[in-house]
Amino acid sequence: HLSIIDTANTIDYSNGEIKGESLINATKYLKELPNIFEDQQSFENTDPNKIIYEVQAFLPVKEGLEGGLFFGKTIIYPGKIGDEYFMTKGHFHEKPDRGEFYWGIQGEGILLLMDKNRNTWAEKMYPGSLHYINGHIAHRTINIGESILSFGACWPSDAGHNYQEIMDNGFSARLKEIKGKPQLIPVR
Ligand code: M6P
Ligand code: ZN
């Protein structure tokens with residue numbers, strides 16, 4: 001007879017946590033993010049082993065396979081380096097015609113977006129916010145709240161991560177806390 005089976009993977013909607021098989025976990029410490037924050041003095045005065053964010057992803061197929069999908073959850077801890085909030089490295093996709101969905105699960109954040117011509121803009125992230133990221137747009141997430149920012153992501157298994165442009169030149173705007181409020185400041 002035909003059997004009805006349970007799935008190997010589950011998701012907890014309250015915090016985005018994924019359980020089951022084919023999972024990877026990555027912890028991003030401050031020391032691994034040397035070119036992200038502007039305030040070098042605050043960077044050096046902060047514990048290099050401080051955890052800034054954690055990525056969990058369900059990779060049911062091999063990275064690089066055309067036609068598959070990856071499903072992730074990222075949490076960014078609350079905090080600042082100087083007047084900049086904790087944030088992800090940010091990246092373009094290696095294949096610029098591969099898009100991505102992000103959705104807010106917990107906390108308050110900003111999704112920073114930048115096109116190839118270095119025009120930058122931003123979207124608010126909150127529980128229930130849904131974001132479509134066009135394939136050729138760089139994306140970085142920032143926790144502007146006082147609690148954990150948790151968001152989900154789904155992207156093609158052959159999208160790839162291109163960190164180079166962001167490593168070399170950053171985004172063309174920085175999100176800073178000015179008089180207690182997040183504000184986008186153009187760079188140079
Ligand atoms: C999301 C996805 C991942 C990405 C992660 C952290 O979960 O977009 O592909 O790795 O955010 O972002 P980054 O790689 O830029 O640090
Ligand atoms: Zn991406």
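Details of the structure are given in the entry above.
Keep in mind that this is a model prediction, so the values were computed, not measured. (Residues numbered from 1 in each chain as written. Chains lettered and ligands numbered in written order. Predicted model: local features only at pLDDT ≥ 70, side-chain atom pairs only at ≥ 80, totals over all residues. Heavy atoms only, no water.)

The next point concerns the site of ligand 1. Surveying the vicinity of ligand 1 reveals 13 residues, the closest of which are Tyr53, Glu100, Tyr102, His161 and Tyr163. Gly90 has a polar backbone atom sitting 2.9 Å from an oxygen atom of ligand 1. Summarising the interface, the protein chains cover 95% of the accessible area of ligand 1, which totals 370 Å² for the free molecule. Those elements that provide at least two residues to the shell around ligand 1 are strand E4 (51–58), strand E8 (100–106) and strand E13 (149–156). Split into classes, the residues belonging to the shell around ligand 1 amount to 6 nonpolar, 5 polar and 2 charged. (Near = heavy atom within 4 Å. Polar contact = N/O pair within 3.5 Å; in protein donor to acceptor, adjacent residues only side chain to side chain. Areas by Shrake-Rupley, 256 points an atom, 1.4 Å probe, with all protein chains shown as cover. Helix = DSSP H or I, 4+ residues; strand = E, 2+ residues; numbered from the N terminus. Nonpolar A, V, L, I, M, F, W, Y, C, P; charged D, E, K, R; others polar.)

Taken together, His91 (NE2), His93 (NE2), Glu100 (OE) and His139 (NE2) make up the full set of protein donors to the zinc ion (ligand 2), lying 2.0 to 2.2 Å away. Because the angles between the 4 donor atoms bound to the zinc ion (ligand 2) fall within 86 to 160°, the donor set is best described as irregular. All donor residues of the zinc ion (ligand 2) come from one chain, and their arrangement in sequence is H-x1-H-x6-E-x38-H. Taken together, the residues Glu100 in strand E8 and His139 in strand E12 (residues 138–143) connect sequence positions 39 residues apart. (Donors = N, O, S within 2.8 Å, 3.2 Å for Na, K, Ca; no water. Tetrahedral: all angles 85-135°; square planar, octahedral: opposite > 155°, others 65-115°.)

Here the focus is the sheet that holds strand E9 (residues 109–114). The strand order across the open sheet formed by 3 strands is E10-E9-E12, and the pairing between neighbours is antiparallel. The open sheet terminates on both sides in strands that have one partner only, identified here as strand E10 (120–125) and E12. For this sheet, the mean inter-axis angle between neighbouring strands, taken without regard to orientation, is 25°. Bridging between E9 and E10 involves 6 bridges; their strand directions are antiparallel. What sits directly across from Met114, in E10, is Thr120. (Pairing = 2+ DSSP bridges. Axes fitted to C-alpha atoms, helices over the stretch in contact; angles between N-to-C directions.)

Applying the stated rule across the entire model yields 4 aromatic pairs. Seen in terms of ring centroids, Phe70 and Trp155 are 5.9 Å apart; in terms of plane orientation they differ by 80°. Their pairing is edge-to-face. Residue Phe70 is located in strand E5 (residues 69–76), and its partner Trp155 is located in strand E13; the two are separated by 85 residues in the primary sequence. The two residues Phe70 and Trp155 agree in class, both being buried. Centre to centre, the rings of Phe101 and Tyr132 are 5.4 Å apart; their planes meet at 65°, and the pair counts as edge-to-face. Taken together, the residues Phe101 in strand E8 and Tyr132 in strand E11 (residues 130–133) connect sequence positions 31 residues apart. Here the basic side chain of Lys89 rests over the ring of Tyr163, its NZ or CZ set 4.0 Å away from the ring centre. Above the plane of the ring of Phe92 lies Lys116, whose end atom (NZ or CZ) is 3.9 Å from the centre. (Phe/Tyr/Trp six-rings, centres within 6.5 Å; stacked < 30°, edge-to-face > 60°. Buried < 20%, exposed > 50% of the residue type's maximum accessible area, 1.4 Å probe, protein only. Lys NZ or Arg CZ within 6 Å of the ring centre and 35° of its normal.)

This part takes up the nonpolar core. Among the nonpolar cores identified, the biggest contains 35 residues, and Tyr102 and Ile142 are the most heavily contacted of them. Of all the secondary-structure elements, those providing two or more residues to this core are E4, E5, E9, E12 and E13. Broken down by element, the residue count for this core peaks at 5 residues, all from E9. Ignoring any residue separated from it by four or fewer positions in sequence, one finds Tyr102 in contact with His91, Leu111, Met125, Ser129, Leu130, His131, Ile133, His139, Thr141, Phe151, Gly152 and Ala153. (Core = buried A, V, L, I, M, F, W, Y, C linked by side-chain atoms within 4.5 Å. Contact = heavy atoms within 4.5 Å.)

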